[in-house]
Amino acid sequence: MNAEDVKERRIAWAMLILCPLSIMMMFVYVTLGYARGLAAGHPVEYLQLTCVLWAIIMTVLPILRLARLVSLPLWFIVLVYGNMYMYVISLCEGLYFNMLWWPDFTHVISSMVIASIVFIALCCMEAGSPKHVTFGSRGGIIAMTIFAAFSFGAIWEIMEGFTDILTGVDYMSYGALHTMGNLVADMLGVIIMAAVAWLLLSSHEVKDIASKVRLGRKKIDTNE
């Protein structure tokens, strides 16, 4: 294995052990009754199930990496796992109820994750296309990232609205101001990620970013 492979596998092993373990510590924290999310109104079973499910989800990516099926940029992994931790901690600590601005903040981070996925996908598309098929420039990729990523936030809000209409309960959407606040937070997250993407493209070629992504089994070096 080359040095990069060794580094990635070490990170994957660390994630596989530490991430589920830390989330299960939150499970114990909830079970012992210390979590402030209980006082905020979240049922203990709901918080426990959340911890268990996210602990399982956090094992997927490192397992895929160790099986040589998936490889992703480290900065993207940090962003995604940071978002997952924030979600679990927010519920267990009741931040959604106790801090009025917290839901908008989580929308910002989540939209950054969506925008990063779109950005990476666009880089892979351009890197894998014929030389004459491009987005034109760095600005072209950034513009496509903004438009495509923000559309996901709009689609999500539409889905929330239809869910409440179908169920007859205002569970997911709390009026026009709530929806507009979410959309503004989504746009802010997309713009932040677009700025990060602009900086990445200022120091890296599109093909360099795409080279950090692999979906599918990698051939094993016979010298390992």
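Going by the structure above, here's the rest.
Throughout what follows, the structure given in this document is the object of discussion.

Analysis parameters
Residues numbered from 1 in each chain as written. Predicted model: local features only at pLDDT ≥ 70, side-chain atom pairs only at ≥ 80, totals over all residues. Heavy atoms only, no water. Axes fitted to C-alpha atoms, helices over the stretch in contact; angles between N-to-C directions. Helix = DSSP H or I, 4+ residues; strand = E, 2+ residues; numbered from the N terminus. Parallel < 35°, antiparallel > 145°, perpendicular 65-115°, else oblique. Contact = heavy atoms within 4.5 Å. Nonpolar A, V, L, I, M, F, W, Y, C, P; charged D, E, K, R; others polar. Expected span 1.5 Å × (residues − 1). Buried < 20%, exposed > 50% of the residue type's maximum accessible area, 1.4 Å probe, protein only.

## Details of the packing of helix 3 (residues 44-66) against helix 4 (residues 74-92)
Across the interface, helix 3 lies against helix 4 with an axial gap of 10 Å and an inter-helix angle of 170°. Here helix 4 runs roughly antiparallel to helix 3, going by the angle between their axes. Along the contact surface, helix 3 presents Tyr-46, Leu-47, Thr-50, Cys-51, Trp-54, Ile-57, Met-58, Leu-61 and Pro-62, while helix 4 presents Ile-77, Tyr-81, Met-84, Tyr-85, Tyr-87, Val-88, Leu-91 and Cys-92. Here the residues of the contact of helix 3 with helix 4 sort into 16 nonpolar, one polar and no charged.

## Let's talk about helix 1 (residues 3-31)
Spanning 29 residues, helix 1 covers 42 Å between terminal C-alpha atoms, matching the ideal 42 Å at 1.5 Å per step. Taken together, the buried positions of helix 1 are Asp-5, Glu-8, Arg-9, Ala-12, Met-15, Cys-19, Pro-20, Ile-23, Met-26 and Val-30. Just beyond helix 1, the residue with positive phi is Gly-33, at close to 85°.

## Regarding helix 3
Spanning 23 residues, helix 3 covers 34 Å between terminal C-alpha atoms, matching the ideal 33 Å at 1.5 Å per step. Of all the positions in helix 3, only Leu-47, Gln-48, Thr-50, Cys-51, Ala-55, Met-58, Thr-59, Leu-61, Pro-62, Arg-65 and Leu-66 are classed as buried. Contacts made by the buried residues of helix 3 are with helix 1, helix 2 (36-40), strand 1 (70-71), helix 4 and strand 2 (214-215).

## Comments concerning the side chain of Arg-65
Within the secondary structure, Arg-65 sits in helix 3. Note on Arg-65: relative accessible area 7%, which makes it buried. Ignoring any residue separated from it by four or fewer positions in sequence, one finds Arg-65 in contact with Asp-5, Glu-8, Arg-9, Ala-12, Val-70, Ser-71 and Arg-214.

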